Amino acid sequence: MSCAGCKDGAGFDLPITMAFQPIADVSTGTVFAYEALVRGQAGAGAGQVLAQISDENRYAFDQVCRTTAIDLAAGLNMTAQGANLSINFLPNAVYEPRACIRATLAAAMRTGFPVNKIIFEFTESEAMDADHILNILRSYRAMGFKTAIDDFGAGYAGLGLLTLFQPDIVKLDMALIRNIDTDPVKRTIVRNTLNMLRDLGVEPVCEGIETLAELNVLRDLGVKLMQGYLLAKPGFEALPPVAWPGAPASLAGESMAGAA
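(A) Looking closely at the packing of helix H3 (residues 58–75) against helix H5 (residues 102–111). Across the interface, H3 lies against H5 with an axial gap of 9 Å and an inter-helix angle of 15°. It follows that H3 is roughly parallel to H5 by the angle criterion. Considering how the two elements wind past one another, H3 and H5 form a crossing that is right-handed. Together, Gln 63, Arg 66, Thr 67, Ile 70, Asp 71 and Ala 74 of H3 and Ala 103, Thr 104, Ala 107, Ala 108, Arg 110 and Thr 111 of H5 make up the contact between the two elements. Per-class residue counts for the contact of H3 with H5 are five nonpolar, four polar and three charged.

Spelled out as structure tokens, the structure:
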């Protein structure tokens, strides 16, 4: 990997902003983190923004996403709740981890956002050089950031990387979660995946939760960290309140007020 994409690449000309979706800790009624999700400034969805990425502007897009997420999170006083900020990154946009992190560190320093409250998550959406990914993840961990694998159980995101590196967090793909209350095969797969992650010292997050029945099954399996429309939809440039199914009214009210 060279730094040609950083030095010679094009800028990302489409103005962007972020929506934030909570990752809720259902065991405590608090927000563990907010995931930053890219949006167009005029309200365009992620798909329209991502369609503008090319090999030439991939680096610039990745960098502007990081700094925009940190600037907005700091302005929304995210860390006052003790919540982390989860930022998606593109491994193929990172040429040399310590060089490509400079803008991120500068944004964190400028806004006073703690580095140890930033989670970098990525999806193995395509076959990539394992050594390159490992270099990124190990470098980020050494600098104090948390790391996460997203969409685990879908596509390329599987067991291979886990044998080489254990991130702080693994997010189980929503395809494993959908209808888990009525699908015994999914329950078996998820239960054993959760046991494996706990044995490895990795915190599981289940994403894509849309029904109370799904949430209750996951809670029975010991899952604490959950994300999905049942709990909260993404808030455009805002930290949306969380609906706490099954929680006492007083806890739900306090938690929702704190997240507003």
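The structure having been displayed, the exposition proceeds.
(B) Structural detail: the nonpolar core. Of all hydrophobic cores here, the largest spans 66 residues; its most connected members are Met 78, Leu 85, Tyr 140 and Leu 218. Apart from residues lying up to four places away in sequence, Met 78 is in contact with Phe 20, Tyr 34, Ala 73, Ala 83, Asn 84, Leu 85, Phe 113 and Leu 239. If you look at the next biggest cluster of nonpolar residues, it comprises seven residues, including Ile 23, Ala 33, Ile 169 and Leu 225.

(C) A look at helix H9 (residues 184–199). In this model H9 runs 23 Å from its N-terminal to its C-terminal C-alpha over 16 residues, within 8% of the 22 Å that 1.5 Å per residue would give. Against strand S5 (146–152), helix H7 (159–164), strand S6 (169–172), helix H8 (174–177), strand S7 (203–207) and helix H10 (212–220) lie the buried residues of H9. Here H9 starts with a cap whose side-chain oxygen sits 3.0 Å from the backbone nitrogen of Val 185, and that cap is Asp 183. Following H9 by one or two positions, Gly 201 adopts a phi angle in the positive range, close to 75°.

(D) Seen up close, the packing of aromatic side chains. Tallied over the entire structure, the rule returns six aromatic pairs. The interplanar angle of 45° and the centroid separation of 5.6 Å between the aromatic rings of Phe 89 and Phe 122 together place this pair among those described as tilted. Placement of the pair is Phe 89 in the loop between strand S3 (84–88) and helix H4 (97–100) and Phe 122 in strand S4 (residues 118–122), with a sequence separation of 33 residues. Taken as a pair, Phe 89 and Phe 122 share a single burial class, namely buried. Aromatic pair Tyr 140 and Phe 145: ring centres 5.9 Å apart, planes at 65°, arrangement edge-to-face. Each member of the pair, Tyr 140 as well as Phe 145, is classed as buried. Within the aromatic cluster, the residues linked to one another by ring pairs are Phe 89, Phe 120, Phe 122, Tyr 140 and Phe 145.

Definitions and limits used
- Residues numbered from 1 in each chain as written.
- Predicted model: local features only at pLDDT ≥ 70, side-chain atom pairs only at ≥ 80, totals over all residues.
- Heavy atoms only, no water.
- Axes fitted to C-alpha atoms, helices over the stretch in contact; angles between N-to-C directions.
- Helix = DSSP H or I, 4+ residues; strand = E, 2+ residues; numbered from the N terminus.
- Parallel < 35°, antiparallel > 145°, perpendicular 65-115°, else oblique.
- Left-handed = near helix turned anticlockwise from the far one by under 90°.
- Contact = heavy atoms within 4.5 Å.
- Nonpolar A, V, L, I, M, F, W, Y, C, P; charged D, E, K, R; others polar.
- Core = buried A, V, L, I, M, F, W, Y, C linked by side-chain atoms within 4.5 Å.
- Buried < 20%, exposed > 50% of the residue type's maximum accessible area, 1.4 Å probe, protein only.
- Expected span 1.5 Å × (residues − 1).
- Polar contact = N/O pair within 3.5 Å; in protein donor to acceptor, adjacent residues only side chain to side chain.
- Phe/Tyr/Trp six-rings, centres within 6.5 Å; stacked < 30°, edge-to-face > 60°.

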